[in-house]
Structure formats: C-alpha cells, structure tokens
Amino acid sequence: MAHPGGAADLVAAVVHGGRAALMGAGVSSVGPVTDVAAQMAALAVDSGPRWVWWSARYAGELVRAVGSPLARVWDLAEAHRVLHGGWAAEPGRVWAAAHGVALATMPEPSAGDLFDFSAGDEVGPDDLVRRDGHLRADAASGWLETDERLLAWAEAALTCAVRQRDRAQQLGARTVGTVHSESAAALMCLELEWGGLPVDRPAMEALIADFAGPRASSEAAEVAARRERDATVLRHVSGRESTDLRNPQQVRDMLVGVGVDVPHTRKWVLEAYRQVHPVVDALLEWRKAERISTTYGYRWIDECVGPDDRLRGRWSACDGAAGRMTAENGLHNLPAALRSGVAAHPGHVFVRADLGQIEPRVLAVVSGDPAFAEATRADDLYAPVASRLGVDRPVAKIAVLAAMYGQRSGAAGEALKGLERAYPVAMGLLDRAYETGVRGEPLRTFGGRLIPTGRFLATSPVGADPALDAARGRFARNAIIQGAAAELFKAWAATVRALGGPLGAQIVLCLHDELLVHAPADRADEVAALVDRALADASRRWAAGAPVRFVADTSVISRWSEAKD
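Residues numbered from 1 in each chain as written. Predicted model: local features only at pLDDT ≥ 70, side-chain atom pairs only at ≥ 80, totals over all residues. Heavy atoms only, no water.

Let us now look at the overall build of the chain. The number of helices and strands found in the chain is 20 helices and 15 strands. Along the first, second and third principal axes, the C-alpha set of the chain runs to 75 × 65 × 60 Å. By the burial criterion, 51% of the 565 residues in the chain qualify as buried. Of the contacts formed within the chain by residues at least 6 apart in sequence, a portion of 64% connects residues at least 24 apart. Only carbon and sulfur atoms are counted for the fraction: they give 52% of the accessible area of the chain, which is about 24900 Å². (Helix = DSSP H or I, 4+ residues; strand = E, 2+ residues; numbered from the N terminus. Buried < 20%, exposed > 50% of the residue type's maximum accessible area, 1.4 Å probe, protein only. Contact = heavy atoms within 4.5 Å. Areas by Shrake-Rupley, 256 points an atom, 1.4 Å probe, with all protein chains shown as cover.)

As a further point, take the environment of R474. With respect to the secondary-structure elements, R474 resides in helix 19 (residues 466–500). For R474, a relative accessible area of 36% puts it in the partly exposed group. Once residues lying within four places of it in the same chain are set aside, the contact partners of R474 are Y405, G406 and Y434.

For the rest of this paragraph, the subject is the confidence of the model for the chain. For the chain, the average pLDDT comes to 91, and 95% of its residues sit at 70 or higher. When the criterion is pLDDT under 50, residues 113–121 qualifies, and its contacts beyond four places in sequence or with other chains add up to eight contacts. (pLDDT = per-residue confidence, 0-100.)

Under the definition given, this model contains 37 salt bridges. A salt bridge links E290 to R246, with the shortest nitrogen-to-oxygen separation between them at 2.9 Å. Here E290 is found in helix 11 (residues 278–294), whereas its partner R246 is found in the loop between helix 8 (219–234) and helix 9 (248–257), with 44 residues between them in sequence. With a shortest N-O distance of 3.7 Å, D354 and R352 are connected by a salt bridge. (Salt bridge = Lys/Arg side-chain N within 4 Å of Asp/Glu carboxyl O.)

The subject of this paragraph is the packing of helix 13 (residues 358–367) against helix 18 (residues 424–438). It is at 9 Å that the axes of helix 13 and helix 18 come closest, and there the two elements cross at 90 degrees. One element, helix 13, and the other, helix 18, form an angle in the roughly perpendicular class. Along its contact with helix 13, which presents L363, V366 and S367, the element helix 18 presents V425, A426, M427, L429 and L430. Here the residues of the contact of helix 13 with helix 18 sort into seven nonpolar, one polar and no charged. (Axes fitted to C-alpha atoms, helices over the stretch in contact; angles between N-to-C directions. Parallel < 35°, antiparallel > 145°, perpendicular 65-115°, else oblique. Nonpolar A, V, L, I, M, F, W, Y, C, P; charged D, E, K, R; others polar.)

Shown next, in the form of structure tokens:
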C-alpha cells in the first residue's frame, strides 16, 4: 500500500491482541500496548500530532493505557457519520466510502462453513485490500495476527483519514471543525463510561423505596408489591379491578368506563383529565412509581452503580440521525424524582451549565437572518420576538418552537404568520428544509453532517403516502436545527474537557444542552468561569462570526436536583 500524502500531522494508532502500531508523521512502530502507549504519551506533549483511529471504542485499550487525555484526534467512524450520514461505520464501510467503492459489493465475514465461498480468490493471505477495492472481510479481526499486518492496518487508517479530510475540506472548513469536535466527543464518551456519574447510594435507594417500597426479599414479595401498587389505581374503578394497567387498550377501556374517553393514554393527554375522575391522578402517579420500580429499581442500582458509587453506562457521540449524544442505563432519561440521588462526592461539587434557548439561537446562526440574530442579544430571546410580533411572550415562544417542530394548527399557526413576516430569512430556511425532507432528498447541517431524509420512515417510499412525506419534512425541518445544536454542544463540551483537566474537573454528564462537571470544591469558581469562557470560545468558532449570542445558566451545586429548570 502506498504511503498516503497530505498526512504530515496525522498518526494512526491501532490495537489488536495486546499489541499496537503507530503510523504517520515520520513514525512507524509496533509493539506491546504499554510500550506504544508510552510512545504516544511522549509524542502528545504540547498537543502533538492528531491521532487517527478506526473508532474511539476500537482504540479504547490503547487510549486508556496512555494515561493522560489526548487533545487532537480524528475518529474515522465519526468522520464517516458526518460525511455520509447514518450510524453504520465499521472499517470496511469507512474504507469503501473513502475510496469510492460500491457498498453493495462489500464482502461479508466468512462464517467458516465448508460451502462459504464469500472470500473466494479475491485476496491473498497477506493482502489487506481485495482486487475489487474493498478491505478483506476479516481485516479487523483474525487477519491482524502479525506485526506486519498491524502496521498495514495502521497505514490503511491513515489513508482513510487523508481522504476523509480532503472530502471535508471540499465541503468547507466548518465540516473539518465538526469532525474534530465529533472525534473529541467520541473520546469523551469513553471517558464518561470509565468515570461514571457520582451518586449518593443511600439517598438513591431511599428515593426508590419511596416509590417501590422496601427492597423485596423474594420474587413473591416483588409480585405482592406490584399488586399493591396496582391497587392504588384500581380501588377507584369498582368492578374493573382485573384491568391490566400495563395494557394500554385495557387502561383506555377502564377510563372510558368512568367517562374519560381519550384517543390514547399518553401522559400529556391524561394530564388534562386529572380533575375529571380520581383514577386519572392515581394512574399518573402509578406510572411514575411503576417506571422507577421496574426501570430504575434496586436491580438497576445493583447492576449499574459500581462499588465506588458511580453510575455507568455506554455512551455514543452520535445517534445516527441528527447527531445527538446518547447514553444507556438511565444516564439520559433519569426521572426528575431521582435527581437528588445524583450528588458530588466528598470534597467536590458539580458545576452545572444549561444552554439557554439554544435551538432558536442556533436557527439565527444557520439561517443568517439579521433580524433574528438581533433578538439573540437579549438574555431572553422570546421577549424581543414578542415585541416585534406584537404578542405576549408565551405566544412568541410557542410560535418559534412550532416553526422548528412543524406545528401549524391552533394558536401556533396564527403566530407563525407573524414570524414569517418578521423573520422571512429564518422561516425560509425551515421551509426549504421541510420541502427537501418531503422529497426524501439529503441535506447537510450547518456543520456539514449529512442527514439522509429518505431513510426516515423508509418503510414507505417517498411519494407513496402524503402523511409520511409530511413527517419526513418535519423531521428535516427539525434535524437541521437539532443537528446544528448538537454540533455546537459537542464543540463546547470538547473545549471544557480540554481546559478543565488541569483544574481536576471532569465532565460526568452531557444531556442534550446541559453539562454537569465534577470539580474540586476549592476550584469551583474557576471551573464555573472556565465553562462560561469555553462557551464563548466554542460558539465564536462554531458560528464563524455570526452576530449571535449564546447564553448558559451556570451554577455550583452539590446535588443535581438543586439545579434550576
């Protein structure tokens, strides 16, 4: 394989079977993971090269062995997701896309069957690339059994990085910046998994007990507790005590029987009927208790909270759609009732920062609407919008959110007409995105991420169902804003990660537009100032000179529940 050009600052790092290899920027070495990690740590002094790997998760063993945060990275999987959209980004797919090879002919790994001819005679035993241009199907697994092959694997990663960067540069400097921050976010996801979210275990167990009762001593006791929870609802519906509260249709029939006829039993629908019949209020409270009992109960504590009182779960830097971060084990959807169980450990505090009105402010940047940008100079963006429209602030807020989420009926629809007159540039961008989605055509976010709208609701071909086409349009309208907001958020988080380390600050939670940083108590004010400064720096770079102001509510707290909503 020819050594790639244009890689002066790139060093590929790969690992397999306890050994690792480096390739690029005058470096070519292979050896035990510990030795290569030490070499990386030495090279990383004063930022060092930009490290390339097939994915942060693939390189996790090597990254952890380095022992100190790596500042500059290029994650091939995250770059692929930005450039080509979607979630799938295994090495064979990344290679094919970078080299313009048809994905339809990508080989499948051999099943080891006598009659499996998938490998055929397309590749020799020591060849990494097949004659059709694809990587061999077993490239990332069993093939990597010698040092020479591990070096070839590193060189292949380097080649992909050069091609990806060329493509990103063709799309624009912002796309290169997006790959940088997305790559840092993927590395941060590993650190979030390793570090975990600090919890107060006794407090968390007490909160669970408030909803689920004491820890059951047996399976029979669990069943009895479940029946007792159900009874708090069913005692309000004499004659319907056999209703299965976990069956939506049976619950709906039960409600109809007491005069509450609803199209479905979602929480936001039932809220309006709390005063109609006591069973509705009981049902809503039951749902909260049932969720905590079953999803966030004692088993959750036992399995997900470690002996060091840290809640851990798998994190992903991209959801495969608009690019939002995701997490498992309750890290992204912990009920508000349990937040007081998330507590800084002794000698530490949380610095919590929540971006204010991020999506409308992002809309001002991506649309380039000067009038809407002017509204962002205010702490409360909706106040100047309301003044310009001649409506109350709540109406202005509904109108702006409806514009981004595609709501056209009721008060929102009337207010939207005023928005379209007052901010035609911003509203025009959203309308064009909607039309693109209806046609099932791809679009790119402000930061360059490809959004393949045709894959949304792919069970119905574009043009076959007007209702589903409209849903694709609404998805596209929101994705260009939500995706751009995610890009800004990750650029901010990556900046906090880079600057916070010397102060002992560790990001422990990224929740859409909220950061939770665990910091030494005696450095709290410094870390809070750093978080705000990082937002100013990241937003200035991301917005590329757009006159839009971003704000965050930053506070120092001991428990997550102390944060203002």
